[in-house]
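Residue-level structural notes
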Amino acid sequence: MASLALKDVHKSYGDTLVLDRVSLEVAARELIAFLGPSGSGKSTLLRIIAGLETADGGEVWLEGRRIDALPPGDRGVAMVFQHYALYPHMTVRENMAFGLRNAGVPKPEIDARIAQAAHVLEIEAQLEKKPGQMSGGQRQRVAIGRAIVKQPKLFLLDEPLSNLDAALRTRTRVELAQLRQRVDAALIMVTHDQAEAMTLADRMVVLNERRIQQVGTPMDIYARPANAFVARFVGSPAMTLAPATVMPGNDRFARVRLAGGAEVMTRVPRNGLVDGAPVSLGLRPEHVSLAPAEAATLQAEVILVERLGDRTFVYACLADGLEMIAQDIGSSAVRVGDRVGLRIDGDAAHLFEADGTGRHADAAT
Amino acid sequence: MKSGGAPRRLEGLAFVAPFLLLYGVVLIWPLLMGIGISFHRADLFGAREWIGLGNYATALADPVVHQAIGNTLLLALLIVPPLTALALLLALALNRATRGAAVFRGIFFSSSVLSVTIVTLIWRFILTPDAGLLAVAADALGREPLPFLSDQALVIPAIAITTIWWSLGFPIMLFLAGLQQVPADVYEAAALDRAGRWTTFRHITLPAIRRTLLLVVMLQTVGQLQLFGQAQLLTGGGPGGGSRTIVLAIFEVAFGRWELGYATALAEILFAMILVVTLLQYWLVTRREDAG
Amino acid sequence: MSATSPRAGLSGPVLALLLVGAAVMLTPMVWTLLLSVKSNAALLGDSGAALSPPYTLDNYRAILADRLTSRWLLNSLIVSLGTTAGVLVLSSLAGFAFARLEFPFRRSLFLFVLLGLAIPEQAVILPRHQLFATLGLHNSYPGLILPGLTGSFGVFFMTQYFRAIPRDLDEAALLDGASRLRLFWSVLLPLTIPAQATLGVFTFLASWNDYWWPLISATTSDYYTLTVGLASAQMNYAQTSGLGFLMAQAVFASVPILIVYIVFQKQIVRAMAGTAVR
Ligand SMILES: Nc1ncnc2c1ncn2[C@@H]1O[C@H](COP(=O)(O)OP(=O)(O)OP(=O)(O)O)[C@@H](O)[C@H]1O
Ligand SMILES: [Mg+2]
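Predicted, not measured: the structure shown is a model, and the values here were computed from it. (Residues numbered from 1 in each chain as written. Chains lettered and ligands numbered in written order. Predicted model: local features only at pLDDT ≥ 70, side-chain atom pairs only at ≥ 80, totals over all residues. Heavy atoms only, no water.)

For chain A, the count of helices and strands is 8 helices and 21 strands. For the C-alpha atoms alone, the extent of chain A along its principal axes is close to 80 × 45 × 40 Å. Long-range pairs, those at least 24 residues apart, make up 64% of the contacts in chain A between residues at least 6 apart in sequence. Across chain A, the centroid of the 42 positively charged side chains sits 4 Å from that of the 44 negatively charged ones. (Helix = DSSP H or I, 4+ residues; strand = E, 2+ residues; numbered from the N terminus. Contact = heavy atoms within 4.5 Å. Lys, Arg positive; Asp, Glu negative; His and termini not counted. Charge placed at Lys NZ, Arg CZ, Asp CG, Glu CD.)

Put into structure tokens, the structure is as follows:
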């Protein structure tokens, strides 16, 4: 059974529509990441689920109960805020107890839940401290603790890691992964950071321009982006989209011609593609490699070299001005200004139709 | 935050109602009542007779009122500029984080917390020729003490000095707060540009605290236009009305002659004067900001 | 921080001028203090006697024994504390609502309250005197306290303060199932304590020192505040118990206020800073 269900949720601020008929189902104990550019409505959607914002229309269901008309405190959801929003004048213990007391939970039960959460999060020593006396990482745990003790059916986290430094971020990421093993609830987190989303989430929801662009497992979204936006947004460096046209032919798979004249044979089934139709050829860096002139598909000039140690990204400019990113070995000797040959792995290429719809290499064969 | 039905929307009104009720009944209602009363010949005991602008016409022709307005403006002129200049100088000198500066700040502010009665009591026995400190000093030097509180030429300066002594603290604090807003690196940059003290003050400090300066001048002007206790207690407005201020005149008309209507009209005239100063301040601040 | 060098001491000439200034500020106070510890008889005809001993505390003893002065002190305390408590309660409630709740006419009502900042006491004091006479409020504590509760500044100040508290906290409390009243009382109000202190000190000072209104509202000496009582003593000081006693009254009346000043210096300075940058 779905834990959370959104049906046709929409929301405007004044004249600007920020969410356009969003529907989504989240399974029990699933971890979902909302990913999308700034202003795409991630926070708004999260806040509608929490009850901090009222949708203009649509339904929100949690564990079989319609909750969109309930006040936030009665919905059975808990939220971890980006800036933690701990009550500054209360100790850690009081922070965690506040919501339980409001809900009329008996005192011994409150104490037991706090003790348990403090143990799990290793903040037992800090229980009598105030938030102002703690580090950012510790406050983050208290914020999580405050959510855990409520034993919600759904956790909502708005950019939970964005306030932490790089080292703490990695550690907290691991802790979040462990957290979900321990709690019997679904989890939704908003993030800007696709690495975070890909490592943590069971499924990702990519939002842009008021809508859900794609919902799927991280691998699914990486390997089979539903449209050009998702393709460019997920993956780093971004996928190259090269303008091309579909060549006539009778093959099972589509062959395309790049603007510069080179032809690429893909493994994208050609049925449904119109001969001569303009498309974009989508190439991830790992599917473009450097090659000697005679084995190369294209010739290009190197304009930037990004060395990551284990591999090297080579940004190259084609004769017609198109920029393409290739991946080379870590010890690559390429330098800016070199003329290089690029070999395209057509088997892994994607095609995007003029309206952005993605078509992918046939996995079956 | 959210719409939550009628009861929740009215909840907010319940929070503001207690204040609004008092505000309406004890401030706004009397304000409107006053405008009404000023068109009447009215006494303190309830008699009312509509005379339109009669009270205002009387006021325009009343030499006592002319004198009171003259005295008040003169007092404002004798108090506001020296007070502002002194306060600015002291603030410049005391704008540093040392213990000594803190002690001096405490001293210069201490008189501000005293009530007008205490201030005038203190100054009465500085100024009065029969028992004041200045008389004692003059005596020691073998001179005649000056009759500060009874000489036509000396009463106004005497009240001005008392007032400056009393009011110095607040403008100093305002200037200090203004000076703290000026970022230190601007001064460092000026020092690197070899700007002298005066140049730094003239071209960096002064423009930076322009708003505070304006605020001080306007607040003080509005305050001194309402000068009352010092005149009433030190000199009783004398001699011969030579130190009667507008508010003192209002007080005398209302509680000495019981002519409430006329007193209220005088109060409305003062209100208009204060409003002009306040609007002027608003205009100056916004205009300068548009320009800069 | 500072114009020239934040930590540097005061230079010679500046220090000298400051010392002269401080002397001008303090001499009148010291003089008052000296007069207050002289017997009335010794000052008769020669107040210069205050500059030399013998000194005595007789005047202060007389004050403590004097029924009226203690009564005035009590009145002043009741009026000032009552006004302060009232202003804090009313301003906090209204400030919270203006900053955080949605209700009909919220913006217009707030503007209406701001209007009060521009209304000088002179424009209301006489008609209010009439109104209070009709209501029979003169010579009573409510009559002395109520006018002090109508200041817009407190509401404005608290509204600004509530607005500065991050909204996250409200939302966290909502998710924690807190009612509006609980949010106000348990979450936001405790965070405004610094503002309460500042506003409270200011209100107390202003109320303690208020002269005009108690002068015309309290006409029987039983309802005089210290400020008004001292004024009446000052006006007929020839008939009162003498110069030393009068000055002892002045010192006595300043003590509570100086204590408040010394204890709350920080809040006072902070409030000033607030006024300057608004
Ligand atoms: N209270 C509001 N009033 C008006 N517009 C709003 C309000 N809150 C959000 N918006 C608009 O709604 C859109 C979605 O905002 P939202 O905060 O949900 O974006 P987001 O995806 O969380 O962005 P970010 O990654 O920057 O946090 C934005 O265009 C924003 O300007
Ligand atoms: Mg957001």
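Back to the write-up after that little detour.
Another point: the site of ligand 1. Residue and element names in this part refer to chain A. Around ligand 1 sit Tyr13, Val18, Pro37, Ser38, Gly39, Ser40, Gly41, Lys42, Ser43, Thr44, Glu159 and His192, and that is every residue in its neighbourhood. Between an oxygen atom of ligand 1 and a main-chain N or O atom of glycine 41, the distance comes to 3.0 Å. No other element matches helix 1 (residues 42-50), which puts 3 residues into the shell around ligand 1. Along the lines of polarity and charge, the residues of the shell around ligand 1 split into 3 nonpolar, 7 polar and 2 charged. (Near = heavy atom within 4 Å. Polar contact = N/O pair within 3.5 Å; in protein donor to acceptor, adjacent residues only side chain to side chain. Nonpolar A, V, L, I, M, F, W, Y, C, P; charged D, E, K, R; others polar.)

The next thing to look at is the packing of helix 5 (residues 116-127) of chain B against helix 1 (residues 12-36) of chain C. Helix 1 of chain C packs onto helix 5 of chain B with a crossing angle of 85 degrees between their chain directions and a minimal axis gap of 9 Å. When the interaxial angle is binned, helix 5 of chain B and helix 1 of chain C end up roughly perpendicular. Residues Ile122, Trp123, Phe125 and Ile126 of chain B of helix 5 of chain B form the contact with helix 1 of chain C, whose own contacting residues are Pro28, Trp31, Thr32 and Leu35 of chain C. Considering only residue class, the contact of helix 5 of chain B with helix 1 of chain C consists of 7 nonpolar, 1 polar and no charged. (Axes fitted to C-alpha atoms, helices over the stretch in contact; angles between N-to-C directions. Parallel < 35°, antiparallel > 145°, perpendicular 65-115°, else oblique.)

The next subject is helix 11 (residues 210-225) of chain B. When the terminal C-alpha atoms of helix 11 of chain B are compared, their 22 Å separation across 16 residues agrees well with the 22 Å that a helix rising 1.5 Å per residue should span. Here helix 11 of chain B has its buried residues at Thr212, Leu215, Val216, Met218, Gln220, Thr221, Val222, Gln224 and Leu225 of chain B. (Expected span 1.5 Å × (residues − 1). Buried < 20%, exposed > 50% of the residue type's maximum accessible area, 1.4 Å probe, protein only.)

Turning to its location among the elements, alanine 138 of chain B is positioned in helix 6 (residues 133-140). Dropping the residues within four chain positions of it, alanine 138 of chain B is found in contact with Arg143, Glu144 and Pro145 of chain B.

Let's shift gears to the interface of chain C and chain B. Chain C puts 101 residues into the contact, and the matching count from chain B is 92 residues. Where chain C packs against chain B, one counts 12 residue pairs in polar contact (both at pLDDT 80 or more). Top element by residues in the side of chain C that touches chain B is helix 1 of chain C. It accounts for 15 residues. Its residues assigned to classes, the side of chain C that touches chain B comprises 70 nonpolar, 22 polar and 9 charged.

Here we take up the UniProt feature "domain: ABC transporter" (unreviewed entry) in chain A. According to UniProt, the "domain: ABC transporter" (unreviewed entry) feature falls on residues 4-234 of chain A. For residues 4-234 of chain A, the helix share is 36%, the strand share is 27%, and the end-to-end C-alpha distance is 25 Å. (UniProt positions renumbered as here; feature names shortened; annotations may be inferred.)

Here we take up the packing of aromatic side chains. According to the stated counting rule, one finds 27 aromatic pairs over all chains in the structure shown. Summarising the aromatic geometry, the rings of phenylalanine 15 of chain B and phenylalanine 184 of chain C are spaced 5.7 Å apart at their centres and angled 75 degrees between planes, so their arrangement reads as edge-to-face. With phenylalanine 15 of chain B in helix 1 (residues 5-37) and phenylalanine 184 of chain C in helix 10 (residues 180-188), the pair connects residues from two separate chains. Summarising the burial analysis for this pair, phenylalanine 15 of chain B and phenylalanine 184 of chain C share the class buried. Ring centres of tryptophan 72 of chain C and tyrosine 224 of chain C lie 5.9 Å apart, and the angle between their planes is 40 degrees; this geometry places the pair in the tilted category. In this pair, tryptophan 72 of chain C is assigned in helix 4 (residues 67-100) and tyrosine 224 of chain C in the loop between helix 12 (212-217) and helix 13 (226-235), connecting sequence segments 152 residues apart. Neither tryptophan 72 of chain C nor tyrosine 224 of chain C differs from the other in exposure class; each is buried. Counting every residue linked through ring pairs, the aromatic cluster contains Phe228, Phe251 and Phe255 of chain B together with Tyr211 and Trp212 of chain C. It is arginine 163 of chain C that lies over the ring of phenylalanine 110 of chain C; its NZ or CZ is 5.2 Å from the centre. (Phe/Tyr/Trp six-rings, centres within 6.5 Å; stacked < 30°, edge-to-face > 60°. Lys NZ or Arg CZ within 6 Å of the ring centre and 35° of its normal.)

So, on to the UniProt feature "transmembrane region" (unreviewed entry) in chain C. Under the present numbering, the feature "transmembrane region" (unreviewed entry) in UniProt falls on residues 12-34, 72-97, 109-129, 141-162, 183-205 and 243-264 of chain C. Counted over residues 72-97 of chain C, helix gives 100% and strand 0%. Its end C-alpha atoms are 37 Å apart.

With that settled, consider the interface of chain C and chain A. Listed by partner, the interface residues are 15 residues for chain C and 21 residues for chain A. Regarding the contact of chain C and chain A, the summed buried area is about 1,600 Å², with carbon and sulfur atoms giving 62% of it. In this structure, the connection of chain C to chain A is made through 2 salt bridges. Among the salt bridges present, the one from lysine 150 of chain A reaches aspartate 176 of chain C, with a minimum N-O distance of 2.6 Å. (Buried area = accessible area lost by both parts, 1.4 Å probe. Salt bridge = Lys/Arg side-chain N within 4 Å of Asp/Glu carboxyl O.)

Regular strands place their side chains on alternate faces of the sheet. Direction of pairing for strand 17 (residues 311-318) of chain A relative to strand 18 (residues 323-329) of chain A: antiparallel, over a ladder of 7 bridges. When the bridges of strand 18 of chain A are listed, tyrosine 315 of chain A appears paired with isoleucine 325 of chain A. (Pairing = 2+ DSSP bridges.)

All names here are of chain A. Segmentation of chain A into domains returns domain 1 (2-233) and domain 2 (240-360). Using only C-alpha atoms to locate each centre, domain 1 and domain 2 end up separated by 39 Å. Each side of the interface is counted separately: domain 1 has 10 residues, and domain 2 has 10 residues. Surface buried jointly by domain 1 and domain 2 totals about 800 Å² across both partners, of which 53% is contributed by carbon and sulfur atoms. Of all residues in domain 1, Tyr222, Ala228 and Arg232 give up the largest surface area on contact with domain 2, accounting jointly for 47% of the area buried on that side. The tally of links between domain 1 and domain 2 comes to 0 salt bridges. Summed over the shared surface of domain 1 and domain 2, the number is 5 residue pairs in polar contact (both at pLDDT 80 or more). Mapped by element, the contributors of at least two residues to the side of domain 1 that touches domain 2 are helix 7 (218-223) and helix 8 (228-233). (Domains from an automatic or database assignment.)

This next bit is on the packing of helix 5 of chain B against helix 14 (residues 243-263) of chain C. Packed helix pairs are specified by the crossing angle of their axes together with the interaxial distance, meaning the distance between the axes. Two elements in contact, helix 5 of chain B and helix 14 of chain C, have axes whose closest approach is 10 Å; the angle formed by their N-to-C orientations is 145 degrees. In the packing of helix 5 of chain B onto helix 14 of chain C, the handedness of the crossing is left-handed. Of the residues in helix 14 of chain C, those in contact with Ile118, Leu121, Ile122 and Phe125 of chain B of helix 5 of chain B are Leu243, Leu246, Met247, Ala250, Ala253 and Ser254 of chain C. Within the contact of helix 5 of chain B with helix 14 of chain C, the residues separate by chemical class into 9 nonpolar, 1 polar and no charged. (Left-handed = near helix turned anticlockwise from the far one by under 90°.)

Glancing now at the pattern of salt bridges. Taken as a whole and judged by the stated rule, the model has 29 salt bridges over all chains. A salt bridge links glutamate 263 of chain A to arginine 255 of chain A, with the shortest nitrogen-to-oxygen separation between them at 3.2 Å. Exposure remark for arginine 255 of chain A: the relative accessible area of 30% places this residue in the partly exposed category. The partner of arginine 244 of chain B in a salt bridge is glutamate 252 of chain B, with the nearest N and O atoms 2.8 Å apart. In this structure arginine 244 of chain B comes out as buried when scored by relative accessible area, which is 16%. Within the structure, one salt-bridge network assembled from shared partners comprises Arg47 and Glu53 of chain A together with Glu171 of chain C.

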